[in-house]
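Remarks on the overall topology
As a plain string of letters, each chain reads:
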Amino acid sequence: MSLRIVAPRWCHGPVPTDARAIWLAPDLIAWPGETDHADWQLWTAPDGGIGPDGAGATRTPLLRRGRLASRWAARHPHLAGYHALVVPGLDVEPLLTGQVVVAGRGHDGTLARTGVQIAPLLDHLYADAARRRTYGWDPATGGFRLWAPTAHRVTLLTGPAGAETRHPMTRAGDGSWHAAPGVGQQVPYAYEVVVYVPETARVETNVVTDPCSVALTPGSARSVTLDLADPRWAPDVWRDTPSPRLARAVDESVYELHVRDFSAADDLVPPRLRGTYLAFAHDGHGTRHLRALAEAGLTTVHLLPTFDVGSLTDDRAAWQRVPDLSGLPPDSPEQQRRLGPVRRGDGYNWGYDPWHWTTPEGSYATDPDGGARIREFRTMVGALHALGLRVVLDVVYNHTHASGQDPQSVLDRVVPGYYHRRDALGGTCHSTAANNVATEHAMAEHLIVWSMTTWAREHRVDGFRVDLMGHHPRSGMLAVRRALDALGRDGDRLTLYGEGWDFGEVAGGARFVQATQANLGGTGIATFNDRLRDAVRGGQPFDPDPRRPGFGTGAVDGPAATDLAHDTDLVMLGLAGNLRSYELPRVGGGRVRGDQLSYHGAPAGYADEPDEVVSYVDAHDNETLFDALTLKLPVAVPMAVRVRLNTVCLACVTLGQTAVLWHAGTDLLRSKSLDRNSYDSGDHFNRLDWTGGDNGFGRGLPPAWDNEAAWPVMGPLLADPSLKPGPADVATAAAMARDLLRLRRSLPLLRLGSAALIREKVTFPAAGTDLQQPGVVAMVVDDRAGDRVGGDVSGVAVVINATGRTVRQGVPGLAGRWRLSPVQAAGSDPVVRGAAYEAGEPPTLTVPACTAAVFVRE
């Protein structure tokens, strides 16, 4: 929601502790209320210390001028309704390095004051010139540059902490500071920034690392000078292995993986390498599993955050030991109780807590010092490339781990009040459950674009998943898209997708046009399709009762989903690319465009093109797919059927027209013992067993801090031995999942790549007719037009049967003769080989229970 106030409360204490006035231009301050006070003044003091009556301040009269002009409100929508205070001709730049207060005296003589937010004015004064610069350490010149326009003084400190050499820096007109002491590589450094801090109302001396750090000392205590082009940091496997090519975004199939999960429990990996980057270069169970997926058709590994993380320490000796949890009952609360006291220090976290955006996380390196961790990170990238897999990094620029004067705060201690988004009272916004970054500010955008292009150019990663992308402006993400395209990777377009959710202080365009699902049409930037996810699984992630079924979880025992027809409509739309322009025949009759179909009151179809969507059914957030099936299916459903439904749910996203993402281990029936938010649940609940010996179900009641309200539902399930799959079940699920990847790779008609071709060729002939059966979707991709998009195959028919019975699905207009796809005919699943085509009027496709069958026409 928009944070606006029209009746501001004044600060009457000795020092303003808020900042409700906003300085937009040298002559204009916006005030969030009426300007009917008799006397307005701007109080300034270079070192702070302004008294309650203005003592110690230089006073400048301000003029009242009604409501803020519409052009300013258009540029800053959250300021609509604010009033204008005019600043007379002043040299404002020197004022911005000290305390700034707006004071108003009422007609009754009452005096009240507020601080001033100056970030928009800093952009106005400096951004055009400042963003033409490159910051950090320059290996070509040995020089350093830091943007700190409000600093009184900046000194470069080189050498180990406590034995530094001091180098005064010189300020340029664009607000940056420069020094060129000719320092070489592998030298620790920091900046000593003397700056006024509104939070403390005084000038502080902050010793801070570089926001543009590309290397760090252990503990992230100091930045390190490093030439990323130096061969010393280029391991052979990284240097000699090119990135795998990807012809089109819709060809991408992604496996979302946490670095530590990959090898923490892998007994083929040497103990000292478990949980590290180097494990990816070792022939462990995980590497073998990724190789098998790549051979089946997987194109990409998406790594959860690998930047420097504030909630993790790279000092392994300091990690707290997890107590013995063996022998405890599968439904016991004791496991999570024993983990609770050590979880903050056990070295485990998903890592959505950025400290330094452009340096690899040190806890995943065997040696976190300087170039060593760079070399190890690149070894991982090269090893994945050698498997034929692209590498996508999960990046988090919408918030930081710390802000203000916190020791782990970098941005705020360099330019206080600039890089973090402020609410109407001047406090840092926390709608992301962290310290929100003002991604709309010019130099924040500049830093983000530089960071992402550095990862892509210097470390050869192949793309990015942007966390909470809706907290970024659309314009900022387009700037990223242009910068990545300009890298010119042999015609291979770097991947860019993210979370297009709309919430918080920016929701509904309150501050800018956001990079949300609804606003990215025509950009080629993709967002996750929560419509398809929820339709397949049932319910929504934050439902108080997790048992609500959906298309893939509610029809096996008879149509049990609360709205199976609507869920089926959403599944069909998702298979067709989730396009706003696609006209869909509804299960209940009639036709509707994608953007007219409702998803909790919002348009279900939001994409202009299929490359603007990533389809998925589970990810690191919320319960795994297996756990969702456990919560939603009747307890009496046999394990063999659960295994098949796992494949059915994956088929709903894998056999559609968009890029697809699987959570690591979903093909192995991975469970987190029903944990819905395992970000800090340690190796115990996140354990990933690539051998299939233990899928993770029944490791105890999941942590109380996120799951306790559902324990009464979870306990009996975890205690039921029939709900834990055995190794044979896991092996069956994994083999069937690989067949889905083979189907996707072998059939270009499942990846048409354009909205026009989807509208022309993709139909759901039985939908809206008497032939439609509950819990069944029949999709036809017809290529008879002669353009041979499908190669040797002139048509594909996909029937997804989520029911517990064999269905004979009539498919009107299914011309020609059809047969089961060669992949499934020779595949791992003997049941699907019972699927058959029968000519007639209408033609019929017979598909066994809980099966996704794909037919082809030669």
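The preceding data block contains the structure.
Keep in mind that what you see is a predicted model, and the values were worked out from it rather than measured.

Let's talk about the side chain of arginine 744
Mapped onto the elements of the fold, arginine 744 is located in helix H18 (residues 727-746). This buried residue, arginine 744, is left without a salt bridge; aspartate 251 holds the nearest opposite charge, at 6.1 Å. Other than its neighbours up to four places away in sequence, arginine 744 contacts Val250, Asp251, Glu252, Ser253, Thr654, Gly656, Thr658, Ala659, Val660, Leu750 and Arg751.

Some points on the packing of aromatic side chains
The final tally for this structure, using the stated rule, is 18 aromatic pairs. A centroid spacing of 5.1 Å and a plane angle of 65° characterise the contact between tryptophan 147 and tyrosine 418, whose relative ring orientation is edge-to-face. With tryptophan 147 in strand E9 (residues 143-147) and tyrosine 418 in the loop between helix H8 (411-414) and strand E23 (435-436), the pair connects residues that are 271 residues apart, well separated along the chain. For the pair tryptophan 147 and tyrosine 418, a shared accessibility class is recorded, and that class is buried.

Re the state of the cysteines
Evaluation of the coordinates by the stated rule reveals 0 disulfides. No disulfide involves cysteine 652; its sulfur sits 6.1 Å from the nearest other cysteine sulfur, which is in cysteine 649. You can call cysteine 652 buried: its relative accessible area is 0%.

Comments concerning the sheet that holds strand E40 (residues 851-857)
Taking strand neighbours across the sheet as the criterion, the 5 strands line up as E33-E34-E35-E40-E37 in an open arrangement whose pairing is antiparallel. The outermost strands of the open sheet, each flanked by one partner alone, are strand E33 (762-763) and strand E37 (819-820). Note that E37 and E40 share 2 bridges and pair antiparallel. Of the residues in E40, the one forming a bridge with arginine 819 is valine 856.

Digging into the pairing of strand E13 (residues 176-179)
Examined bridge by bridge, E9 and E13 share 4 bridges and lie antiparallel to one another. Paired with leucine 146 across the bridge in E13 is tryptophan 177. The sheet contact formed by strand E12 (residues 170-171) and E13 spans 2 bridges and is antiparallel. Within E13, the residue paired with arginine 171 across the bridge is tryptophan 177. Hairpin geometry of E12 and E13 is characterised by an intervening segment of 4 residues between the two adjacent antiparallel strands and by a positive phi of about 90° at glycine 175.

Quick notes on the pattern of salt bridges
For the coordinates displayed, the defined rule picks out 51 salt bridges. Taken together, the shared-partner salt bridges in this structure form one network comprising Asp394, Arg465, Asp467 and Glu499.

Side note on the nonpolar core
Ranked by internal contacts, the top residues of the largest apolar core, which has 209 residues, are Trp23 and Phe764. Looking at this core, the element that brings in the most residues is helix H9 (residues 442-459), giving 10 residues. Not counting residues within four places of it along the chain, the set of residues in contact with phenylalanine 764 comprises Met572, Leu575, Ala576, Tyr582, Leu584, Pro585, Val777, Ala778 and Met779. By size, the runner-up hydrophobic cluster in this structure holds 17 residues, among which are Val780, Ala797, Val811 and Phe855.

Overview of the pairing of strand E18 (residues 300-303)
Covered by surrounding structure in E18 are Thr300 and His302 together with Val301 and Leu303, the residues of both alternating faces. As paired strands, strand E17 (residues 253-257) and E18 are joined by 4 bridges and run parallel to one another. The residue of E18 that forms the bridge with valine 254 is threonine 300. In terms of strand pairing, E18 meets strand E21 (residues 390-395) through 4 bridges, oriented parallel. If you follow leucine 303 over to E21, its bridge partner there is leucine 393.

Rules used in this analysis
- Residues numbered from 1 in each chain as written.
- Predicted model: local features only at pLDDT ≥ 70, side-chain atom pairs only at ≥ 80, totals over all residues.
- Heavy atoms only, no water.
- Helix = DSSP H or I, 4+ residues; strand = E, 2+ residues; numbered from the N terminus.
- Buried < 20%, exposed > 50% of the residue type's maximum accessible area, 1.4 Å probe, protein only.
- Lys, Arg positive; Asp, Glu negative; His and termini not counted.
- Salt bridge = Lys/Arg side-chain N within 4 Å of Asp/Glu carboxyl O.
- Contact = heavy atoms within 4.5 Å.
- Phe/Tyr/Trp six-rings, centres within 6.5 Å; stacked < 30°, edge-to-face > 60°.
- Disulfide = S-S within 2.5 Å.
- Pairing = 2+ DSSP bridges.
- Core = buried A, V, L, I, M, F, W, Y, C linked by side-chain atoms within 4.5 Å.

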